[in-house]
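# Breakdown of the fold
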Amino acid sequence: QVQLVESGGGLVQPGGSLRLSCVASGSIASIYSMSWHRQAPGKQREAVAIITSGGSTNYADSVKGRFTISRDDAKNTVYLQMNSLIPDDTAAYYCHAYIATITITSHYWGQGTQVTVSS
């Protein structure tokens, strides 16, 4: 069993920065990938950034050059550094991970953290 807990959301002005964190806990054998997704009211959830166990990263076009995903393997933590924030970044941000435990390999979601970009 794995749990993902996000933190770091809040209110920030346009052009500002915010760093989100997601900590995975449980009997983790391997983390194949961790990613960030967001969902604004009335919109579908979209993938924002992904990082694999090999360190490869991918970003949505809307955040390229502004967001950076990174991880700390020792802490089973993934981060999303968000710079040059714009109002369209306002959304609930969710952490996702594809994780193998000793009993199962599965997808896991965090509870979400709200990011609001407003002047």
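Here, every reference points to the structure presented above.
These remarks concern the structure in this document. For every chain, the first residue of the written sequence is number 1, and numbering continues from 1 along that sequence. The model is predicted, so local features are restricted to residues of pLDDT at least 70 and side-chain atom pairs to those at 80 or more, both for listing and for counting; the totals for chains, interfaces and linings are taken over all residues. Excluded from the side-chain calculation are hydrogens and water; included are all heavy atoms of the structure.

## A few points about the pairing of strand β11 (residues 113-117)
Side chains of β11 alternate between two faces, with T113, V115 and V117 buried and Q114 and T116 left unburied. In this sheet, β11 lies alongside strand β2 (residues 10-12) in parallel orientation, the contact comprising 3 bridges. For V12, the partnering residue across the bridge sits in β11 and is V117. Using a 1.4 Å probe on the protein chains alone, a residue whose accessible area is under 20% of its type maximum counts as buried, one over 50% counts as exposed, and one in between counts as partly exposed. Runs of H or I in DSSP of at least four residues are treated as helices and runs of E of at least two as strands, each being numbered from the N terminus. Two strands form a pair only when DSSP identifies at least two bridges running between them.

## Observations concerning the sheet that holds strand β7 (residues 67-72)
Here 4 strands make up an open sheet; going across it, the order is β1-β3-β8-β7 and the pairing antiparallel. Each of the sheet's edge strands pairs with one partner strand only, and the pair in question is β1 (2-7) and β7. Within this sheet the neighbouring strands show an average axis-to-axis angle of 15°, counted without direction. In this sheet, strand β8 (residues 77-82) lies alongside strand β3 (residues 18-26) in antiparallel orientation, the contact comprising 6 bridges. When the bridges of β8 are listed, L20 appears paired with L80. Fitting a line to C-alpha atoms yields each axis, with helices limited to the stretch in contact; the angle taken between N-to-C directions then spans 0 to 180 degrees.

## With respect to the pairing of β7
Sheet analysis places β7 next to β8, joined by 6 bridges and oriented antiparallel. Each bridged residue has a counterpart across the sheet, and for D72 the counterpart in β8 is T77. Connecting the antiparallel pair β7 and β8 is a turn made up of 4 residues, with N76 showing a positive phi of about 50°.

## Considerations on the environment of L4
With respect to the helices and strands, the residue L4 is situated in strand β1. It is 4.5 Å that separates the C-alpha atoms of L4 and G110, two residues lying 106 residues apart in sequence. Discounting chain neighbours no more than four positions away, the residues touching L4 are C22, V23, A24, C95, H96, A97, I99, Y108, W109, G110 and Q111. By the convention used here, residues are in contact when the closest approach between their heavy atoms is within 4.5 Å.

## Structural notes on the pattern of salt bridges
By salt bridge we mean one thing: a side-chain nitrogen of Lys or Arg within 4 Å of a carboxyl oxygen of Asp or Glu. Going through the model one piece at a time under the given rule, you end up with 5 salt bridges. Between R66 and D89 there is a salt bridge, with its nearest N and O atoms 2.7 Å apart. Taken together, the residues span a long stretch of sequence, with R66 in the loop between β6 (57-59) and β7 and D89 in the loop between β8 and β9 (91-101) at a distance of 23 residues. We note a salt bridge from D73 to R71, for which the minimum N-O separation is 2.6 Å. Ionic contacts of the salt-bridge type, sharing partners, join the residues R38, E46, R66 and D89 into one network.

## Remarks on the state of the cysteines
By disulfide we mean two sulfur atoms from cysteines, separated by a distance within 2.5 Å. Scanning the entire structure with this criterion turns up 1 disulfide. Residue pairing for C22: its cysteine sulfur links by disulfide to C95, the two sulfurs lying 2.1 Å apart. Sign of the S-S torsion, about -80° for the bond between C22 and C95, identifies this disulfide as left-handed. Of the two residues, C22 sits in strand β3 while C95 sits in strand β9, which places them 73 residues apart along the sequence.

## Describing the side chain of T77
Among the secondary structure elements, T77 is positioned in strand β8. Polar contact is the term for a pair of N or O atoms within 3.5 Å; when the atoms are in protein, one must be able to donate a hydrogen and the other to accept it, and sequence-neighboring residues count only if both atoms are side-chain atoms. Among the polar contacts listed, one links the side chain of T77 to the backbone oxygen of K75, at a separation of 2.9 Å. Beyond its immediate chain neighbours, meaning those up to four positions away, T77 contacts C22, V23, M34, S70, R71 and D72.

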